[in-house]
Amino acid sequence: PPDTAELGRSTWTFLHTTAAYYPLSAPPPVQNNMLNLLSSLSLLYPCNWCANDFQKDIKVNPPDVSGREGLMKWLCMRHNEVNRKLGKQEFSCQVKDLDIRWKDGPSD
Ligand code: FAD
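Everything quoted here is computed from the prediction, not taken from an experiment.

(A) Representation of the state of the cysteines in the model. Per the stated rule, a full pass over the model turns up 2 disulfides. Each sulfur of the disulfide joining Cys47 and Cys50 lies 2.0 Å from the other. On the sign convention where negative is left-handed, the bridge of Cys47 and Cys50, at about 65 degrees about the S-S bond, is right-handed. For Cys47, a relative accessible area of 4% puts it in the buried group. There is a disulfide in this structure between Cys76 and Cys93, and the S-S distance comes to 2.0 Å. The S-S bond linking Cys76 to Cys93 shows a torsion near -85 degrees; that makes this disulfide left-handed. With Cys76 in helix 4 (residues 68-85) and Cys93 in the loop between helix 4 and helix 5 (95-104), the pair connects residues that are 17 residues apart, well separated along the chain.

Cut-offs used in this document
Residue numbers here run from 1 along each chain, matching the order of that chain's written sequence. pLDDT decides what is reported in this predicted model: residues at 70 or higher carry local features, side-chain atom pairs at 80 or more are listed and counted, and totals for whole chains, interfaces and linings draw on all residues regardless. As a rule here, side-chain values cover all heavy atoms of the structure and leave hydrogens and water aside. The criterion for a disulfide is a pair of cysteine sulfur atoms lying within 2.5 Å. The rule is simple: take the accessible area with a 1.4 Å probe, protein chains only, and divide by the maximum for that residue type; under 20% is buried, over 50% is exposed, in between is partly exposed. Secondary structure elements follow DSSP: runs of H or I of four or more residues count as helices, runs of E of two or more count as strands, with numbering from the N terminus.

Right, dumping it as structure tokens:
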């Protein structure tokens, strides 16, 4: 089986980075692509219990794919859901903190 920690870090990197560069206001076809990505991920993710919980979580909390800020916050909350489950610290879901981590880096 895959290394779930390494797989998780890589997947979160991909998802948060993609959200950080998502259109500020996404046209419908782009919103559709993101919905397809997230739903496919929840079906194909190669860690069964992770995928099952993620499917349940996004059913209760449908993705906000309208634009960048909403998507970044939504994804941060889904990641915090997993953080809570694993007893990890929660991350700030303010856009400014997400931009520093996933887009701009810390200012000098
Ligand atoms: P990660 O949680 O991988 O985080 C990487 C970096 O992201 C952190 O160092 C931090 O800088 C940043 N970060 C942390 N929280 C947030 C946030 N809320 N928003 C934005 N950035 C943040 N593992 C399991 O053992 N069981 C599971 O059920 C499980 N389900 C998962 C479901 C999904 C959809 C994914 C993608 C991963 C899942 N994982 C699961 C893996 C788990 O989330 C972690 O990736 C793994 O435990 C490694 O954790 P880590 O401490 O290295 O940091």
